[in-house]
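Chain and residue survey
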Amino acid sequence: MARCVPQHLIKDRIDSARERLQKCEIDGLIVLSPTNKGYLSGFTTGTNIAPGGVLLITAGEESPHYITSTVDFQECRERLQPRGFEVLRYDYRKGQNALSITVDAARRLGLRKVGVPQSSITAGQLRSYEQEFDQAEILPIEDFIAVLREVKDEWEIKQIRAANRVSSNAFERIIRQVKPGMTEWQLAAELEYRLRLGGEGSPRLAFSSVVVSGPRTCMPHGSVTRRKLQRGDLVTVDFGATCNGYCADITRTFVVGSPTDRQRKIYSAVLQAQLTAIKQVGPGNKRAKAAQRGMDVLGEKGLAEYAVHGAGGHGIGLQVHEGPTTGECGLWEPGNVVTIEPGVYIPGWGGVRIEDDVLVTETGYEVLTPIKKDLLQVKS
Ligand code: GLY
Ligand code: MN
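Our subject in this report is the structure included herewith. Here the structure is a predicted model, which means the values were calculated and not measured.

Focus: the overall build of the protein
What the protein contains, in helices and strands, is ten helices and 17 strands. Here the C-alpha atoms of the protein give a radius of gyration of 23 Å, agreeing with the 21 Å that 2.2 N^0.38 yields for 380 residues. Reported as C-alpha extents along the three principal axes, the dimensions of the protein are approximately 70 × 45 × 40 Å. Taken over 380 residues, the protein has a buried fraction of 56%. Partitioning the contacts of the protein with sequence separation of at least 6, the portion at a separation of at least 24 is 68%. Total accessible area on the protein is roughly 16,500 Å²; 48% of this is exposed by carbon and sulfur atoms. Each charge class in the protein was averaged separately, 48 positive and 45 negative side chains, and the resulting centres sit 7 Å apart.

Here's the deal with the coordination of the manganese ion (ligand 2)
Coordination of the manganese ion (ligand 2) by the protein comes from D249 (OD), H314 (NE2), E341 (OE) and E355 (OE), over a distance range of 2.0 to 2.3 Å. The exposure class assigned to E341 is buried, which follows from its relative accessible area of 11%.

Some words on the sheet that holds strand β7 (residues 210–213)
Spatial ordering of the open sheet is given by β7-β8-β11-β17, a layout of four strands whose pairing is mixed. Two strands in the sheet have a free side with no partner beyond their single neighbour: β7 and β17 (376–378). Neighbour-to-neighbour, the strand axes of the sheet open up by a mean angle of 25°, direction not taken into account. Examined bridge by bridge, strand β11 (residues 250–256) and β17 share three bridges and lie parallel to one another. From the neighbouring strand, V255 faces β17, where its bridge partner is Q377. Where helix α7 (residues 154–175) meets the sheet, its contacts fall on β8 (234–239), β11 and β17, and the angle it forms with β11 comes to roughly 10°.

Brief notes about unusual backbone geometry
Residues other than glycine predominantly adopt negative phi, and peptide bonds predominantly adopt the trans conformation. Going from G323 to P324, the amide bond is cis rather than trans, its omega being -5°. We note that E25 has phi near 55°; this positive angle belongs to a residue other than glycine. Within the secondary structure layout, E25 lies in the loop between α1 (7–23) and β1 (28–31). Phi at I49 is positive, roughly 70°, even though this residue is not glycine.

Observations regarding the site of ligand 1
Neighbouring ligand 1 are the residues F207, H221, D238, D249, H314, H321, E341 and E355. Here a nitrogen atom of ligand 1 sits 3.0 Å away from a polar atom, N or O, in the side chain of D238. Note that an oxygen atom of ligand 1 is positioned 3.5 Å from one of the side-chain N or O atoms of E341. In the complex, 90% of the free accessible area of ligand 1, which totals 200 Å², lies under the protein chains.

Some details on the sheet that holds strand β16 (residues 365–367)
The three strands are arranged β12-β15-β16 in an open sheet whose pairing can be described as antiparallel. A strand with exactly one partner marks an edge of an open sheet, and here the two such strands are β12 (337–340) and β16. Taking each pair of neighbouring strands and ignoring which way they run, the sheet shows an average axis angle of 30°. Of the strand pairs in this sheet, strand β15 (residues 356–360) and β16 are connected by three bridges, and their pairing is antiparallel. The residue of β16 that forms the bridge with V360 is Y365.

Observations regarding the nonpolar core
L29, L40, L55, I57, F85, F144 and I145 are the most contacted members of the largest nonpolar core, which has 39 residues in total. At the level of secondary structure, the elements contributing two or more residues to this core comprise α1, β1, α2 (34–41), β2 (54–58), α3 (73–80), α6 (144–148), α7 and β10 (246–247). Beyond its immediate stretch of four places on either side in the chain, F144 contacts A17, R20, L21 and L29.

What about the pairing of β11?
Residues in a regular strand point their side chains to alternate faces of the sheet. With seven of seven residues buried, β11 is to be regarded as a mostly interior element. In β11, alternate side chains face the same way, and those of I250, R252, F254 and V256 on one face and T251, T253 and V255 on the other are all buried.

Criteria and cut-off values
- Residues numbered from 1 in each chain as written.
- Chains lettered and ligands numbered in written order.
- Predicted model: local features only at pLDDT ≥ 70, side-chain atom pairs only at ≥ 80, totals over all residues.
- Heavy atoms only, no water.
- Helix = DSSP H or I, 4+ residues; strand = E, 2+ residues; numbered from the N terminus.
- Rg over C-alpha atoms; globule rule 2.2 N^0.38 Å.
- Buried < 20%, exposed > 50% of the residue type's maximum accessible area, 1.4 Å probe, protein only.
- Contact = heavy atoms within 4.5 Å.
- Areas by Shrake-Rupley, 256 points an atom, 1.4 Å probe, with all protein chains shown as cover.
- Lys, Arg positive; Asp, Glu negative; His and termini not counted.
- Charge placed at Lys NZ, Arg CZ, Asp CG, Glu CD.
- Donors = N, O, S within 2.8 Å, 3.2 Å for Na, K, Ca; no water.
- Pairing = 2+ DSSP bridges.
- Axes fitted to C-alpha atoms, helices over the stretch in contact; angles between N-to-C directions.
- Near = heavy atom within 4 Å.
- Polar contact = N/O pair within 3.5 Å; in protein donor to acceptor, adjacent residues only side chain to side chain.
- Core = buried A, V, L, I, M, F, W, Y, C linked by side-chain atoms within 4.5 Å.

Written out as structure tokens, the structure reads:
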């Protein structure tokens, strides 16, 4: 699989950012969030997506500037210079920092009004920027790059699809090793090893896996413990690899041995809620409807009060949680990728969650997660 984002897509992303700057009559943009820096530069394979520092984009045609420390300078230069970025370094040993080098660059570029997304800057940092930028006004703005990221291009979709494939292969391999006596901890470690081994480009996992068993499955994000799996347990596993920085986010609940009637019934209700919610995903459809329809199913079965996070989900991409979510008003657009993850959690008994990643296509939806959803029974 190609490791690098095609150059024309980087150009499209930067052009979209520039268009927005021009519309707002701002002549420069300071990008601090590692995710947005990764998206605009194509450097998404670092341990923190993109290296530290500042990406400075102008509304005009000047080269984007990536200002990074001496620590990350070599790799940034290798990766970004051939793509038309000016890569500058700051050296703490010489009393330099990202801000001082950015101020110099902005001065050279003749910038007068520079926007900085307020969600990525602390109040203290903002004060420093306002003080140090003597020639330019600093304007806290909305994070419109995060909004651009909500619609994935074809390369990004390929990465999320690959991350799903890797994650599914890892799960299907590990599930064969599960047996009573294995701990949640072991299961998480074995799974994460396979997620890392199969991943591509980026070493990070989408997030630290959740593995909860028995009555602990009533905790949607329960901590992984050394509890041993027992015959009759439900086990919930929430996991995801990354490929070139892009995340998968998948959950499956299975049973050790044979399910009881109640386990079977609740599993089947959650599955029905998930299938119903997924069918609501499509271009032009209301985002909130997916979660509502899923909840209708759980409500009919008397389970609504136990569905503590509802029956919808969230966008995924470079971040495991990003826009758009099913909790927002607004309509789906082709290129949105979202999880649909209803769950039912009954204190003292346990819980069930089923989560897939779903792409909004031009005509409907496509489920990107290839793992089967019948209630899986592992050997006991
Ligand atoms: N994978 C964790 C979550 O979406 O909540
Ligand atoms: Mn999720």
